[in-house]
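# Structural overview for review
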Amino acid sequence: MENANFLVVEDSPTMRQLISFSLKRFKNAKIIEAVDGVDALKKLSGPDRIDLILTDINMPVMDGLKLVSLVRQNAQLKTSPSSSPPKAPKKTANAARPSARTPTSASRSSRRI
């Protein structure tokens, strides 16, 4: 995932820092951080195209499930500004589905990506 833009949505500063640190292993990755779902929506409305959202589920103001639901409903947020949407391989069909498991180490989180 070279030149990817990641949005890390996490209310815990420690976890946000751990996730962001583990994503820095990707060449030329840009990591954008948000503290809750509302903050994430603001960042998604910005000029950067986001390639992957990593979100916590349980957060104040707006939780991760609501965030994912709103992103799926909003055509401007779920498509990139390219002329045609990229074709996703079948194995990524479950992308953006919430997962209750939280990686316990930086190496496990980067392997999942």
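What you see is a predicted model, and the numbers here were worked out from it, not measured in a lab. (Residues numbered from 1 in each chain as written. Predicted model: local features only at pLDDT ≥ 70, side-chain atom pairs only at ≥ 80, totals over all residues. Heavy atoms only, no water.)

Helix and strand content of the chain: five helices and three strands. Moving toward the C terminus, one meets the helices and strands of the chain in the order β-α-β-α-β-α-α-α. Across the 113 residues of the chain, 27% fall into the buried class. Nonlocal contacts in the chain, meaning residues at least 24 apart in sequence, comprise 64% of its contacts between residues at least 6 apart. Working note: accessible area of the chain is about 7800 Å², and carbon and sulfur atoms make up 53% of it. (Helix = DSSP H or I, 4+ residues; strand = E, 2+ residues; numbered from the N terminus. Buried < 20%, exposed > 50% of the residue type's maximum accessible area, 1.4 Å probe, protein only. Contact = heavy atoms within 4.5 Å. Areas by Shrake-Rupley, 256 points an atom, 1.4 Å probe, with all protein chains shown as cover.)

Here we take up helix 2 (residues 37–44). Burial in helix 2 covers these residues: Gly37, Asp39, Ala40, Leu41 and Leu44. A distance of 3.0 Å separates the backbone nitrogen of Val38 from a side-chain oxygen at the start of helix 2, and that oxygen is part of Asp36. (Polar contact = N/O pair within 3.5 Å; in protein donor to acceptor, adjacent residues only side chain to side chain.)

What follows covers the pattern of salt bridges. One pass over the structure, following the stated rule, counts four salt bridges. Ionic pairing is found between Arg16 and Glu33, a salt bridge with its closest N-O pair at 3.3 Å. You can see Arg16 sitting in helix 1 (residues 13–23) and its partner Glu33 sitting in strand 2 (residues 30–34), a full 17 residues away along the chain. On the accessibility criterion, Arg16 (13% relative accessible area) is buried. (Salt bridge = Lys/Arg side-chain N within 4 Å of Asp/Glu carboxyl O.)

In the predicted model, the chain carries a mean pLDDT of 77, and 67% of its residues have values of at least 70. Predicted confidence in the chain is weakest over helix 5 (residues 106–112), with a mean pLDDT of 59, and strongest over strand 2, with 95. Here residues 80–95 scores under 50 on pLDDT; set against residues more than four positions off or in separate chains, the count is four contacts. (pLDDT = per-residue confidence, 0-100.)

Bringing the sheet that holds strand 2 into the picture now. The parallel open sheet is built from three strands, whose spatial order is 2-1-3. One side of each edge strand has no neighbouring strand; the edge strands of this open sheet are strand 2 and strand 3 (52–55). Strand-to-strand, the axes of this sheet are offset by a mean angle of 20 degrees, without reference to chain direction. Docked against the sheet, helix 2 engages strand 1 (5–9), strand 2 and strand 3, running at close to 140 degrees with respect to strand 2. (Pairing = 2+ DSSP bridges. Axes fitted to C-alpha atoms, helices over the stretch in contact; angles between N-to-C directions.)

Let us look at the packing of helix 2 against helix 3 (residues 64–73). The interhelical angle for the contact between helix 2 and helix 3, taken along N-to-C directions, is 30 degrees, at an axis separation of 9 Å. Judged by the inter-axis angle, helix 2 sits roughly parallel to helix 3. When the axes of helix 2 and helix 3 are compared, the crossing they make is right-handed. Where helix 2 abuts helix 3, its residues Gly37, Ala40, Leu41 and Leu44 lie against Leu67, Leu70 and Val71. (Parallel < 35°, antiparallel > 145°, perpendicular 65-115°, else oblique. Left-handed = near helix turned anticlockwise from the far one by under 90°.)

For the rest of this paragraph, the subject is the environment of Lys30. Tracing the sequence through the fold places Lys30 in strand 2. Given a relative accessible area of 37%, Lys30 falls into the partly exposed group. For the pair formed by Lys30 and Asn5, sequence separation is 25 residues and the distance between their alpha carbons is 4.7 Å. Those residues in contact with Lys30, other than ones at most four positions away along the chain, are Ala4, Asn5, Phe6 and Asp48.

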